[in-house]
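Now for the letters of each chain:
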Amino acid sequence: MEWFLKVVKENYANFNGRARRKEYWMFTLFSSIISIVLFVLMSIFSDSMLVIIFSILSILYSLVILIPSLAVIARRLHDTNHSGWFYFIALILLVGPIIMLITLCKEGTRGDNQYGADPKAGDLI
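Residues numbered from 1 in each chain as written. Predicted model: local features only at pLDDT ≥ 70, side-chain atom pairs only at ≥ 80, totals over all residues. Heavy atoms only, no water.

(A) Structural detail: the nonpolar core. Judged by nonpolar contacts, the single largest core of 16 residues is most densely connected at Phe27 and Val72. Those elements that place two or more of their residues in this core are α1 (2-10), α2 (21-44), α3 (50-79) and α4 (95-105). The greatest single-element share of this core, amounting to seven residues, is contributed by α3. Setting aside anything within four residues of it in sequence, one finds Val72 in contact with Val7, Ala19, Glu23, Tyr24 and Phe27. (Core = buried A, V, L, I, M, F, W, Y, C linked by side-chain atoms within 4.5 Å. Buried < 20%, exposed > 50% of the residue type's maximum accessible area, 1.4 Å probe, protein only. Helix = DSSP H or I, 4+ residues; strand = E, 2+ residues; numbered from the N terminus. Contact = heavy atoms within 4.5 Å.)

Below you can see the structure in the form of structure tokens.
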């Protein structure tokens, strides 16, 4: 949860620097969990007026989390020594998302690169 909060609080719209795999994937995990919980609550209360409240919450959450999601993806791509614009490769049908997934799963560049210092530099991993 600390990685999710780090992305949302400290790096809300920070497209500069690098994000390690753990930061990206933990953010993605908790963001997905929150989205799934909101969807389940909408499904459970589909026959009542609460579905409207959960629908609005879901839409608001999606809008609020859009910028940090794009920012953490750009920083993750920077860690693999790609520009943030590389994200547009995901628009290529069938192959694009696979290439993007492989890129996001790759280990980042060791040491400094043109996008900043190695985020793992202080770790003993």
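(B) Broad picture of the packing of α1 against α2. Contact pair α1 / α2: the axes reach a minimum separation of 8 Å and the direction vectors enclose 95°. Here α1 lies roughly perpendicular to α2, going by the angle between them. For the pair α1 and α2, the contacting residues are Trp3, Phe4, Lys6, Val7 and Val8 in the first and Lys22, Glu23, Met26, Phe27, Phe30, Ser31 and Ile34 in the second. Considering only residue class, the contact of α1 with α2 consists of eight nonpolar, one polar and three charged. (Axes fitted to C-alpha atoms, helices over the stretch in contact; angles between N-to-C directions. Parallel < 35°, antiparallel > 145°, perpendicular 65-115°, else oblique. Nonpolar A, V, L, I, M, F, W, Y, C, P; charged D, E, K, R; others polar.)

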